[in-house]
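Coordinates in review
Listed below are the residues making up each chain.
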Amino acid sequence: MDITGGTKLIGILGFPVSHTLSPRMHNSAFNALGLDISYVPLEVKPEDLPDAIHGLKAMGFLGANVTVPHKVRAAELMDRLEGDAVITGAINTIVLQDGRLIGHNTDGIGFIKSLEEVMKNDLNNASALLIGAGGAARSIAVSLAEKNIKQLSIINRSRQRAEELADLLKRNFPALPLEVRTLDEANEDLVISSKIVINATSIGLEGDLKMPPLAVDKLTKDHVVCDIVYTQSQETPLLSAARGKGANTMGGLGMLLHQGAAAIHLWTGVDPPIDVMREAIEP
Ligand code: NDP
C-alpha cells in the first residue's frame, strides 16, 4: 500500500486495539477499490477520548470506527446521531461530514446480515434468546426488534443491565413480547422455545474454555446458535457444543465483516468488496 500526500485517513479508536482485524479488512477493501485511503489502529485511553475525537476533526480524518470501551462515551461526543445509534445511544462508526461528527451504529445490521446468510428468510417468525445486555447485545436486540421477530428473551449476569435493555426495547418497540432473566435462573424452556440463540457476552474469548450457563442439552438441529465473540479459529466452546447437538452455527466474523461493509458505505458511498474483505479476515 502506498501512502501519498493525498492519502485520507480512517482510524479505529479502542483500548486496547492490538487484537483488531479491522485494519487488515478495511485496507484490503480500499486497495481493491483503488481508493487512496488508509485505515489505522489508534489506541486511546478512556480519559483521552474527547481529545482523540476532536483530533480526528482537526486532522481531517474521513471518519473512524469505535470499539470497546468507547462506544457509549463516543456517542455523547457526536454532533448528531443517526439510525440505530439514536436508539442504542452507542456508536461504532463516525463519519466526518462538513466538519461535523456524525455517529452511526452498524453492529446490529452487521449481525442481521450475517444471520441472514445462515437463515435466509426465516427471521420474521423466529423467537430469539439473547445472552448478554452490553453494547453489542443492545445493537443486536434493536436490529432483531426492527425485523419484527416473534419474541425476544434476554438473559444476563446482572439483572439491572438486562432490565435497562428491556426498558429501552419497551419504549421503542412496545409490541415486542419480552422475557428477562438472569444467568443463574433456569433457561431450559427458553432454549426450547427459541429458534435463534445468541451469545453476546465476552464469555468464550480465545483461550477461555468457559461457556455461558445455557441448557445446551436442549439444542437441536432446528436451532441456529450464534457466538459473536470473534476468534481467529471461528470456534468457541458454545459453538462446538451446539454443533455436537446438530444445530446450525454462526461465529462472529460475519458480523465483523458486515458491520465493516456498512461503515465503508457510510464513509465513501461505494459498495464494499465483500469477498475481498471476507478473505482478509477468514482463517
Ligand atoms: P460490554 O462490556 O458492553 O458487555 C459485556 C457483556 O458480557 C455484558 O452482558 C456482561 O454482563 C457480560 N459478561 C462479561 N463477562 C461475563 C462473565 N464472566 N460472566 C457472565 N457474563 C459476562 O461488551 P460488548 O457488548 O461491547 O462486547 C461483548 C462481546 O461481543 C465481546 O467479546 C466483543 O468482542 C464481541 N463483539 C463482537 C463483534 C463482532 O463484530 N463480531 C462486535 C461487537 C462486539 P454484565 O452486564 O452482567 O456485566
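Residues numbered from 1 in each chain as written. Predicted model: local features only at pLDDT ≥ 70, side-chain atom pairs only at ≥ 80, totals over all residues. Heavy atoms only, no water.

With respect to the sheet that holds strand β8 (residues 151-156)
- Spatial ordering of the open sheet is given by β9-β8-β7-β10-β11-β12, a layout of six strands whose pairing is parallel. Where the open sheet ends on each side, the last strands, each with one partner, are β9 (178-182) and β12 (248-250). Strand-to-strand twist in this sheet, taken as the mean axis angle between neighbours without regard to direction, amounts to 15 degrees.
- Pairing analysis gives five bridges linking β8 to β9, with the strands arranged parallel. By the bridge assignment, N156 is partnered in β9 with T182.
- The strands that helix α7 (residues 159-172) touches are β7 (127-131), β8 and β9; relative to β9, the one it contacts most, it runs at about 170 degrees. (Pairing = 2+ DSSP bridges. Helix = DSSP H or I, 4+ residues; strand = E, 2+ residues; numbered from the N terminus. Axes fitted to C-alpha atoms, helices over the stretch in contact; angles between N-to-C directions. Contact = heavy atoms within 4.5 Å.)

Concerning the site of the ligand
- In the vicinity of the ligand there are 22 residues, among which G135, A136, N156, I228 and G252 approach most closely.
- A distance of 3.0 Å is found between an oxygen atom of the ligand and a backbone nitrogen or oxygen belonging to S158.
- The separation between a nitrogen atom of the ligand and a polar main-chain atom of I228 is 2.9 Å.
- Within the complex, the protein chains bury 78% of what would otherwise be the 930 Å² of accessible surface of the ligand.
- In a pocket analysis with a 2 Å cut-off to the grid points, the ligand is assigned to the largest pocket.
- Only α6 (135-146) and α10 (253-268) provide two or more residues apiece to the shell around the ligand.
- A class-by-class count of the residues in the shell around the ligand yields 11 nonpolar, eight polar and three charged.
- When residues are assigned to domains, the shell around the ligand turns out to be shared by domain 1 (8-105 + 256-281) and domain 2 (108-251), each giving three or more. (Near = heavy atom within 4 Å. Polar contact = N/O pair within 3.5 Å; in protein donor to acceptor, adjacent residues only side chain to side chain. Areas by Shrake-Rupley, 256 points an atom, 1.4 Å probe, with all protein chains shown as cover. 1 Å grid on protein atoms, 1.4 Å probe; cavity = no way out; pocket = protein on both sides within 12 Å on 5 of 7 lines; lining within 4 Å. Sits in = over half its atoms within 2 Å of the grid points. Nonpolar A, V, L, I, M, F, W, Y, C, P; charged D, E, K, R; others polar. Domains from an automatic or database assignment.)

Here we look at the domain arrangement of the chain
- Annotation of the chain at the domain level lists domain 1 (8-105 + 256-281) and domain 2 (108-251).
- In this structure, domain 1 and domain 2 have C-alpha centres spaced 25 Å apart.
- On the domain 2 side, the residues contacting the 14 residues of domain 1 number 16 residues.
- Roughly 1,200 Å² is buried in total at the junction of domain 1 and domain 2, and carbon and sulfur atoms are behind 55% of that figure.
- It is I87, T88 and H258 that lose the most area in domain 1 upon contact with domain 2, and together they represent 44% of the buried surface on that side.
- Between domain 1 and domain 2 we count one salt bridge in total. (Buried area = accessible area lost by both parts, 1.4 Å probe. Salt bridge = Lys/Arg side-chain N within 4 Å of Asp/Glu carboxyl O.)

Regarding the packing of helix α5 (residues 107-119) against α10
- Following both chains from N to C, one finds α5 and α10 inclined at 125 degrees, their axes separated by 7 Å at the closest point. With respect to their mutual orientation, α5 and α10 come out oblique. Note on packing geometry: the crossing formed by α5 with α10 is right-handed. Where α5 approaches α10, its residues D107, I109, G110, F111, K113, S114 and E117 are matched on the opposing element by G254, M255, H258, Q259 and A262. (Parallel < 35°, antiparallel > 145°, perpendicular 65-115°, else oblique. Left-handed = near helix turned anticlockwise from the far one by under 90°.)

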